[in-house]
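One-letter residues, chain by chain:
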Amino acid sequence: MSAETPHRFKPDAPRVALFATCLVDMFRPTVGFATAKLLEDAGCVVEVPRGQTCCGQPAWNSGDRKGAQEVAKKTVEALEGFDYVVAPSGSCAATIAKDYPAIFKGVAGWEDRATALAGRTHEIVSFLTDVMLVDAIAASHDGKVTYHDSCSGLRSLGVKEQPRKLLSSVNGLELAEMEDSEVCCGFGGTFCVKFPDISNKMVGDKIASISATGADTILAGDLGCLMNMSGKLSREGKPVKARHVVEVLAGMTDAPAIGEGRS
Amino acid sequence: MTAHAPTTREFKSNARDALANETLQHALVSTRAGFVGKRAKARAALPEFEDIRDAGRDLKNHTLANLDLYLEQYESKVTEAGGHVHWAETAEDAQKIVLDICRRVGAKTVNKGKSMISEEIGINDYLEESGVKAVETDLGEYIIQLRGETPSHIVAPAVHVTVPEVDELFRERHPQFDPDRRLDHAAMLAEARSVLREKYFQAEVGITGANILVAETGQSVIVTNEGNGDLSQSLPKVHIVLASIEKIAPTLEDATTILRLLGRSATGQAMTSYTTFSSGPRRADDPDGPEEYHVVLLDNGRTEMLGGEFQDMLRCIRCAACMNHCPVFQSVGGHAYGWVYPGPMGAVLTPSLIGVEEGGQLPNASTFCGRCEAVCPMRIPLPKLMRHWREREFEKHLSPKSVRGGLGLWAFFASRPRLYRLVSRIGAGALRALAGKKGRMASVPLASGWTSHRDLPAPEGGTFVDLWSKKTEANK
């Protein structure tokens, strides 16, 4: 794929830094490769800067401004200098795009850099539809899926119709909307371990909504939510697979689903 | 301090109890859909709703920036009309002011319309201790008063009580009626009404809250659906309005902007059944009305919020849309929050009013899903304000040591990319080995918070950044 790269792209093809996010990096490289494929298919030159770690959201949402700055500085250093930064996560993309200016407010030498980076940072699916103007995908997937609207993507970045639009172009795929698809799954980063009982109640409600659709697969745009829902589905013995939406869009569903064993 | 001591520190155990309480869970499920659906319908029917939200936010911001001016204007208008304005810096001040008025007129019974400020200052218990009986006349408030409880919701105080529970309660507490009577919704309302009707004529003093105080006219405004507030304030000789200082709106026009947002956000109503403007004591040619009209203006920590990062919270009009849409509130109900104000608005307001040491759990009990901010008619950035509280907590070293330690460790690695690569490679490998072929783990050392309720999906193997580098190297 990459060997052909120079010939496939126009000279003015946008250079995109793929920010994998810490969860995808460690738990599900398939999501990273699917994101890269979608970006390349859309005509972008993709790079994966090795200096990337975490966006700093855990510290920021826990009230640790200094810790958040410390981590976010590394992210700024790793990701600046590209036309765009794209992440397979509404949550991490929103941290950079919406919170970085606040995280670095008043920090000399960093506020401008962070704000510039914020303006170039996007969540993958909305980047494809809204920036690269992709309106259909050449992929096929046989089955009935349902889609969970992860909170940050939905409410901070306005990701709602974009994944549905692209999914509707996937051959063989049927989308069955669940009730309360916009209600939080109970992950919430550190929330799920700080308040395990409440989180359990919320994810219990969520998998009930998922199961009620009769879908064989739950899709979403954030790995944190997906690991939460997948972990609860398997604990409850529900035969629903969990995948990141880009896996389906990129036609990369050969790998076992999230939490699924190797045969 | 208020009569009901906060149990905010016990939020986690309160929440566990609430989750295990089947009756409560049943009550929460049956009301949730109602509030959310009705608001959505009301919003959809008013195309300019989002513009009115902007107007509401702007008028509140303007009012807060000029609060002293409008409060003085309000006071002079009330005085002109023959009423009295009392300034209460603390809850205790407000309690004393109310009791003094009751004593002066020799009141034995006080009728109350629904008022969250009266809960904040714990006036019922305080009056009771001083020999004055306070009777709640709002149906929901009446029910919880009979049960010896506090409201679990700021608009629907008895939302945690099921119909069979009310049935049982009324049969026990209203022995004057036929024990074999049928009690459906309408019959319950009629029964409460007939009991309360008597009490309206016994009370010497009526206490109401205020949804809005209009500076240009000196009027106080209440919105109700039962009409009980009107009777509470017009039948007794003395009417006391309990209100906090941020309830001010400059003009009647501004009041209408707030009213257009309030009913729709709270119950999905364009207007509540009753919207009542009180303009002071009875005038010579009025057919009825109170002889005395008092307004107790409560500060109780609010001026401390002015000009600071929590000022936005003072725009709140107490519609409860935030808690109706909050998945945490909907999971545990209002009592778990442990003080007067539950849900997202309570998570921000409570630490402001009783201290972050006491109320710090509440702003942590949120996934920051943002649904509260999305529906707040005053566009209060509730998650952002909760995060501010977490920052204050972190600065004061109030956050748990385990959390601070974990975050410190994470920041250490995440700010050293080379070390991070090594550690994430080892971590992914170790978890994968632990899972074996199963692809998920039912228990993981040090991760019981996660695995007590759900499996942990195993890593696929290798980190993405490493795999990508390998692939691009190979293709060179």
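Cut-offs and rules
Residues numbered from 1 in each chain as written. Chains lettered and ligands numbered in written order. Predicted model: local features only at pLDDT ≥ 70, side-chain atom pairs only at ≥ 80, totals over all residues. Helix = DSSP H or I, 4+ residues; strand = E, 2+ residues; numbered from the N terminus. Buried ≥ 20, exposed ≤ 12 C-beta atoms within 10 Å, placed from the backbone. Rg over C-alpha atoms; globule rule 2.2 N^0.38 Å. Contact = placed C-beta atoms within 7 Å. Expected span 1.5 Å × (residues − 1). Pairing = 2+ DSSP bridges. pLDDT = per-residue confidence, 0-100. Axes fitted to C-alpha atoms, helices over the stretch in contact; angles between N-to-C directions. Nonpolar A, V, L, I, M, F, W, Y, C, P; charged D, E, K, R; others polar. Core = buried A, V, L, I, M, F, W, Y, C linked by C-beta atoms within 7 Å.

**Notes on the overall build of chain B**
- Each helix and strand counted, chain B has 24 helices and twelve strands in total.
- Overall size of chain B, expressed as C-alpha extent along the three principal axes, is 95 × 60 × 45 Å.
- The buried share among the 476 residues of chain B stands at 49%.

**Let's talk about the overall build of chain A**
- Counting secondary structure elements, chain A contains 14 helices and eight strands.
- Relative to the compact-globule value of 18 Å for 263 residues, chain A shows a C-alpha radius of gyration of 18 Å, a close match.
- C-alpha extents for chain A along the principal axes are approximately 50 × 50 × 35 Å.
- Expressed as a percentage of its 263 residues, the buried residues of chain A come to 60%.
- Sequence separation of 24 or more characterises 75% of the internal contacts of chain A that already satisfy a separation of 6 or more.

**Topic: helix 12 (residues 196-213) of chain A**
- With 18 residues, helix 12 of chain A extends 26 Å between its outermost C-alpha atoms, agreeing within 8% with the 26 Å of an ideal straight helix rising 1.5 Å per residue.
- Within two residues after helix 12 of chain A, A:Gly214 carries a phi angle of roughly 75 degrees, on the positive side.

**A word on the sheet that holds strand 8 (residues 248-249) of chain B**
All names here are of chain B.
- What the four strands build is an open sheet, ordered 8-5-6-9; its pairing is mixed. In the strand order of this sheet, the two ends are held by strand 8 and strand 9 (274-278), each with one partner.
- In terms of strand pairing, strand 5 (residues 212-214) meets strand 8 through two bridges, oriented parallel. Residue pairing for strand 8: Leu213 is matched across the bridge by Ile248.

**Quick notes on the confidence of the model for chain A**
- Averaged over every residue, the pLDDT of chain A is 95; residues scoring 70 or more account for 96%.
- Every residue in residues 1-6 of chain A scores below 50 in pLDDT, and together they form five contacts with partners more than four places removed in sequence or on other chains.

**What to know about the interface of chain A and chain B**
- Facing the 62 residues of chain A at the interface are 57 residues of chain B.
- If you list the elements that add at least two residues to the side of chain A that touches chain B, you get helix 2 (22-27), helix 3 (29-41), helix 4 (57-61), helix 5 (65-79), helix 9 (151-157), helix 11 (191-194), helix 12 and helix 13 (223-235) of chain A.

**Some details on the sheet that holds strand 4 (residues 121-123) of chain A**
All names here are of chain A.
- Overall, parallel pairing links the four strands, which are arranged 2-1-3-4 in an open sheet. The sheet is open, and its two borders are formed by strand 2 (45-47) and strand 4, each paired with just one other strand. Going from strand to strand, the sheet's axes swing by 35 degrees on average, the running direction of each strand aside.
- Relative to strand 3 (residues 84-87), strand 1 (residues 15-18) is paired through three bridges, and the arrangement is parallel.

**With respect to the packing of helix 12 of chain A against helix 1 (residues 11-20) of chain B**
- Look at helix 12 of chain A against helix 1 of chain B: their axes get within 9 Å of each other, and the N-to-C directions meet at 35 degrees. For the pair helix 12 of chain A and helix 1 of chain B, contact is made by A:Asp197, A:Ile198 and A:Lys201 and by B:Ala15, B:Arg16 and B:Leu19, respectively.
- In terms of residue class, the contact of helix 12 of chain A with helix 1 of chain B is made up of three nonpolar, no polar and three charged.

**A few points about the nonpolar core**
- Judged by nonpolar contacts, the single largest core of 214 residues is most densely connected at A:Leu18, A:Met229, A:Leu249, B:Val110, B:Val296, B:Leu298 and B:Cys322.
- Looking at which element gives the most residues to this core, the answer is helix 6 (residues 90-103) of chain A, with seven residues.
- Ignoring any residue separated from it by four or fewer positions in sequence, one finds A:Leu18 in contact with A:Gly32, A:Thr35, A:Ala36, A:Leu39, A:Val46, A:Glu47, A:Val48 and A:Val86.

**What to know about the environment of B:Ile248**
All names here are of chain B.
- Within the secondary structure layout, Ile248 lies in strand 8.
- When the 24 C-beta atoms within 10 Å are taken as the criterion, Ile248 is described as buried.
- Distance from Ile248 to Thr63, taken between C-alpha atoms, is 7.3 Å for residues 185 residues apart in sequence.
- In contact with Ile248, not counting residues within four places along its chain, are Thr63, Leu67, Tyr70, Leu71, Tyr74, Leu213 and Ala215.

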